[in-house]
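Listed below, chain by chain, are the residues.
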Number of protein chains: 2
Amino acid sequence: MKVYLAGPEVFLSNAKEVLAQKAALARAAGFTPLAPGDLEIPPTNSKWERGLAISAIDEKLMLASDLIIANLTPFRGISADVGTVFELGFMCALGRPVYAYTNTARSFFERTSQDYYQGNIMERPGGGLSGSDGLSIEDFHMADNLMLDGGITSRGGAFIRKNVPEEALLTDLSGFVECLDLAAKRLMA
Amino acid sequence: MKVYLAGPEVFLSNAKEVLAQKAALARAAGFTPLAPGDLEIPPTNSKWERGLAISAIDEKLMLASDLIIANLTPFRGISADVGTVFELGFMCALGRPVYAYTNTARSFFERTSQDYYQGNIMERPGGGLSGSDGLSIEDFHMADNLMLDGGITSRGGAFIRKNVPEEALLTDLSGFVECLDLAAKRLMA
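Residues numbered from 1 in each chain as written. Chains lettered and ligands numbered in written order. Predicted model: local features only at pLDDT ≥ 70, side-chain atom pairs only at ≥ 80, totals over all residues. Heavy atoms only, no water.

A. Local environment of the pattern of salt bridges. All told, the structure shown has twelve salt bridges over all chains when counted by the stated rule. Note that Glu59(B) and Arg155(A) form a salt bridge whose closest N and O atoms lie 2.7 Å from each other. With Glu59(B) in helix H2 (residues 47-63) and Arg155(A) in the loop between helix H5 (146-154) and strand S8 (159-161), the pair connects residues from two separate chains. According to the relative accessible area criterion, Arg155(A) is buried, its value standing at 19%. (Salt bridge = Lys/Arg side-chain N within 4 Å of Asp/Glu carboxyl O. Helix = DSSP H or I, 4+ residues; strand = E, 2+ residues; numbered from the N terminus. Buried < 20%, exposed > 50% of the residue type's maximum accessible area, 1.4 Å probe, protein only.)

B. Main features of the domain arrangement of chain A. All names here are of chain A. Domain boundaries assigned for chain A yield domain 1 (2-107 + 144-187) and domain 2 (108-141). Summarising the inter-unit geometry, the C-alpha centres of domain 1 and domain 2 are found 28 Å apart. If you look at the interface, domain 1 gives ten residues, while domain 2 gives eleven residues. Both faces considered, domain 1 and domain 2 share a buried interface measuring about 1000 Å² in area, 48% of it formed by carbon and sulfur atoms. If you sort the residues of domain 1 by the area they bury against domain 2, Ile78, Arg106 and Ser107 come out on top, with a joint share of 66%. (Domains from an automatic or database assignment. Contact = heavy atoms within 4.5 Å. Buried area = accessible area lost by both parts, 1.4 Å probe.)

C. Inspection of the interface of chain B and chain A at higher detail. With 57 residues of chain B at the contact, the number on the chain A side is 57 residues. For the chain B and chain A pair, buried surface summed over both sides reaches about 4500 Å², with 68% attributable to carbon and sulfur atoms. The largest per-residue losses of area from chain B upon contact with chain A belong to Arg76(B), Phe86(B) and Met147(B), which jointly make up 19% of the total buried on that side. Our count for the contact surface shared by chain B and chain A stands at four salt bridges. Where chain B meets chain A, there are 14 residue pairs in polar contact (both at pLDDT 80 or more). (Polar contact = N/O pair within 3.5 Å; in protein donor to acceptor, adjacent residues only side chain to side chain.)

D. Structural view of the sheet that holds strand S7 (residues 136-137) of chain A. Residues and elements named next belong to chain A. A sheet is described by the order of its strands in space; here three strands give the open sequence S5-S6-S7, paired in antiparallel fashion. Of all strands in the sheet, those with a lone pairing partner are strand S5 (121-123) and S7, marking the two edges. Relative to strand S6 (residues 129-131), S5 runs antiparallel, the two being bridged by three bridges. Each bridged residue has a counterpart across the sheet, and for Met122 the counterpart in S6 is Ser130. (Pairing = 2+ DSSP bridges.)

E. Fine view of the packing of aromatic side chains. Per the stated rule, a full pass over the model turns up eight aromatic pairs over all chains. Residue placement shows Lys22(A) over the ring face of Phe176(A); its charged tip is 4.7 Å from the ring centre. Taking the ring centre of Phe11(B) as reference, the NZ or CZ of Arg76(B) above it sits at 5.7 Å. (Phe/Tyr/Trp six-rings, centres within 6.5 Å; stacked < 30°, edge-to-face > 60°. Lys NZ or Arg CZ within 6 Å of the ring centre and 35° of its normal.)

F. Seen up close, the relation of the copies chain B and chain A. Under the fitted operation, chain B is carried onto chain A by 0.0 Å of movement along the axis and a turn of 180°, and the coordinates agree to an RMSD of 0.0 Å. One copy is carried onto the other by what is essentially a two-fold rotation axis. Of all interface residues in chain B, 100% are interface residues in chain A too; the two copies therefore contact each other through one and the same surface. (Least-squares fit on C-alpha atoms with pLDDT ≥ 70 in both.)

G. Molecular detail of H2(B). Over its 17 residues, H2(B) extends 25 Å from the first C-alpha to the last, a length consistent with the 24 Å expected when each residue adds 1.5 Å. Gly51(B), Ala53(B), Ile54(B), Ser55(B), Ile57(B), Asp58(B), Glu59(B), Leu61(B) and Met62(B) are the residues of H2(B) that are buried. Tucked inside the fold, the buried residues of H2(B) contact H5 of chain A together with strand S1 (2-6), strand S2 (32-34) and helix H3 (82-93) of chain B. (Expected span 1.5 Å × (residues − 1).)

H. Broad picture of the nonpolar core. If you look at the biggest cluster of nonpolar residues, it comprises 58 residues, and the most contacted ones within it are Leu72(A) and Leu72(B). In this view, Leu72(A) contacts Ala80(A), Thr84(A), Val85(A), Leu88(A), Ala100(A), Tyr101(A), Thr102(A), Asp144(A), Leu148(A), Ile152(A) and Phe159(A); residues no more than four positions away in its chain are not counted. (Core = buried A, V, L, I, M, F, W, Y, C linked by side-chain atoms within 4.5 Å.)

I. Region of the structure containing H3(B). Residue and element names in this part refer to chain B. Here H3 spans 16 Å end to end across twelve residues, near enough to the 16 Å set by a 1.5 Å rise per residue. Judged by how many residues are buried, H3 sits mostly within the fold: twelve of twelve residues are covered. Taken as a whole, H3 has its buried residues at Val82, Gly83, Thr84, Val85, Phe86, Glu87, Leu88, Gly89, Phe90, Met91, Cys92 and Ala93.

Structure, rendered in structure tokens:
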């Protein structure tokens, strides 16, 4: 079974090394790993075309994969990397098994209300909470936006949440390993 | 033809009003609009279950839609709302036509380097640029992460970028109207 390895690791300075670690762990669990960067990017004439070429390769790899494990750790903000989220939605629509992990146990509600609004939140007239700008705040005890948690849960997947040391936020792979174990038990029994 | 109206309008204090405006514009362009909130949420026993119920409804509405128009205006950060991005990926995988707009003409590169890193960026040894934390910065002249721009472009859709007054960032609908016009010309000719 081929597993697509989605996540913001591609932005790390040691991206190749971390992706190689993930690939080795996936192989050890019995999967064939596919990840962004596995195929050569054809020559292009502009930055724009290069971006399109990478997107096309990643979509091709997803179509060739039997499942996805997505690193949904918050990236440059309170939510997961949007490239990874696109890929999660993509695989959900294809009906492929989806697993995810995030290296923070703090809920989306906590990150929105504390990190983004610094606690400046209020009750809305019609119920619920909003930030100082009047925008409502999701409060569903979820790890990120409800479409992410919902898409994973409704397909029988898992969204692992755990705290790791701050310096390992984007590199700790224990949640990834848990996803591999769960997926292997379910799909290769 | 049914169009799914995706975007962070659902978080506005006047969400119902803005979604009604979008629905009216969609109808005027000849489409039948479907949007989050169109179906009643069944009673649930917890916040978590309520989140799952909303996710299930939104997925159902997407499956019933012939195309999507997504508001990808940056939301609580430098990228689009992750719920909307999930939906964009979902509809891309289903092969449905995808259109999007963002109410800023500034590129993802500008927002990452200026808004997120405040200009503290540097050249990487192997080429390209990174932020002060060593994470690489996408520089593909795109409106957001390359999976978003790539997914839209490769399906013949459009990703409209325009500047609007700051106070109308989440409510200006001129980009939405452009998407409706383009979709109507292509799909209802």
